[in-house]
Amino acid sequence: MQAILHKLPAVKFLVAISLLIASSFSMMFAVPTTTMTLNGFTINIPSDLVSIIEQNRSQIEKALQDNNVTASQMTSIQNSLLDAYSKMDVANPYTTSKNGIEDFMEVLKDVFPNTQMQQNVWASALLSYNKFGENQGKDVKYKKVGGGINTGITKLDIGCLLDTASALGMDIKDFPRTLFMPTIALDARIGAFPIPLDVGLNFCTIDTTNINPIDDALDGSSFNFISIGGDVRYAFIANKTDYHLTVSAIAGAAYNNGGVKISDDTAKAKLDFTTATFYVGAQASAKMLVFVPFAGARLLFGRSTIKWSVDANWEKVLDKSGDADIANAIKWNILPKRFSGELNSPFSQNVRPQIYGGLGLDIAIISLTFSGCYDIIYNIPSAAFSLRMIF
């Protein structure tokens, strides 16, 4: 169980954040510096920290003023920071780590909509196709309602994180550049309408802190996730030919919200995400004995917000435990305890076409669906399997 859980992409992502930040400040050499003036004091700061300090300038200068900090104290902090950086192997570990994380957020922004679309895929283009068309009532009585379990996987490229880790001197030679983000959901569909229309719903939620075996295996990490979606399908071609050809127009929406946390003795890291997706498309299916081949296309419009933050134990990651100067730098927010980032991707920047298809097996009231999907623009393949009962 533990080996499987450690392959979970979300957890590996936060592990990577923690390790990147931790290792960032434990390895480096000749220190590029920038001269900065804070509350009237001019000091040399490792260039890698300039962006953090600028983001927190007002808090730093207020703290320096409130604590009556002297020039000699600031010089001592300068020397301690430069000494810590001089013992590292990478000139800009924080910037390298931050850029790698932000690149990965771009990957997640593309992957999340694809994971959503693997849920609620049904082989028949209309649940109650046999109620309509020239083959009404043929072979089997029309179906009114169904539901079951849906599982899916979507390709997740973590190469940008691995490249960042490698640049920071981490040994990642045996770690794969591609993982697969899993989903599992409950879904249902109703088709008992007087017109050729059906409505589908899907729902998934998990919180590992409430599942003791998983919580124990994750060992300091946790994740929570909720997904809900639905669609409406209308068959403008219903139950034609001996093969029950049916073609439906589709409109739907999906919403994801979740987060991942991890902590160790050097840092606490957190990622929160929200994704909303709307889509339109069309699907065609046929039936041959128990086999239901199908194919479709859809156009997605998505919006994603992804936030990450790291609370760092600077004394630990700088290997300066008990150092009074580093303690003061933390106290006065020169080394802020928390740093973070955010990605906002609006609908206008997230338009993507997909093609999908597969094969269903209808055996009495049991329905199995095997499907595959491909995101044309972002080159992301996905796959899903569903087990349902239909009445």
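Structure first, text after, so check above.
The residue count restarts for each chain, going from 1 along the sequence in the order it is written. At least 70 in pLDDT is required for a residue's local features to be given in this predicted model, at least 80 for side-chain atom pairs to be given and counted, and no such filter applies to totals for whole chains, interfaces and linings, which use all residues. Water and hydrogen atoms play no part in the side-chain values, which are based on all heavy atoms of the structure.

A. Molecular detail of the nonpolar core. Leu81 and Leu335 are the most contacted members of the largest nonpolar core, which totals 55 residues. For this core, the element with the highest residue contribution is helix α6 (residues 93-117), accounting for seven residues. Contacts between residues were defined by any pair of non-hydrogen atoms, one from each residue, lying within 4.5 Å. In this view, Leu335 contacts Leu49, Leu81, Trp314, Leu318, Ile326, Ala329 and Ile330; residues no more than four positions away in its chain are not counted. Take the buried Ala, Val, Leu, Ile, Met, Phe, Trp, Tyr and Cys residues and link them wherever side-chain atoms come within 4.5 Å; each set so joined is a nonpolar core. In this scheme, a residue with accessible area under 20% of its type's maximum is buried, one over 50% is exposed, and one in between is partly exposed, where area comes from a 1.4 Å probe on protein chains only. Counting residues in hydrophobic clusters, the runner-up holds eleven residues, among them Ile250, Ala254, Tyr279 and Tyr356. Per the convention used, a helix needs a DSSP run of H or I reaching at least four residues, while a strand needs a run of E reaching at least two, with both numbered from the N terminus.

B. Local environment of the environment of Leu300. Residue position: Leu300 is located in strand β9 (residues 291-312). A relative accessible area of 0% means that Leu300 is categorised as buried. In this structure, the C-alpha to C-alpha distance between Leu300 and Phe347, residues 47 residues apart in sequence, is 9.2 Å. For Leu300, the residues in contact, after removing those within four places along its chain, are Pro113, Met117, Thr277, Phe278, Tyr279, Asn350, Val351, Arg352 and Gln354.

C. Inspection of the pattern of salt bridges at higher detail. For this analysis, a salt bridge means a side-chain nitrogen from Lys or Arg found within 4 Å of a carboxyl oxygen belonging to Asp or Glu. Counted according to the given criterion, the structure contains 14 salt bridges. For Arg233, the salt bridge goes to Asp198, with nearest N and O atoms at 2.8 Å. Here Arg233, found in strand β6 (residues 221-240), pairs with Asp198, found in strand β5 (residues 197-207); they are 35 residues apart in sequence, far enough to count as distant. Taken as a pair, Arg233 and Asp198 share a single burial class, namely buried. Taken together, the salt bridges that share partners define one network made up of Glu106, Lys109, Asp110, Arg352 and Asp375.

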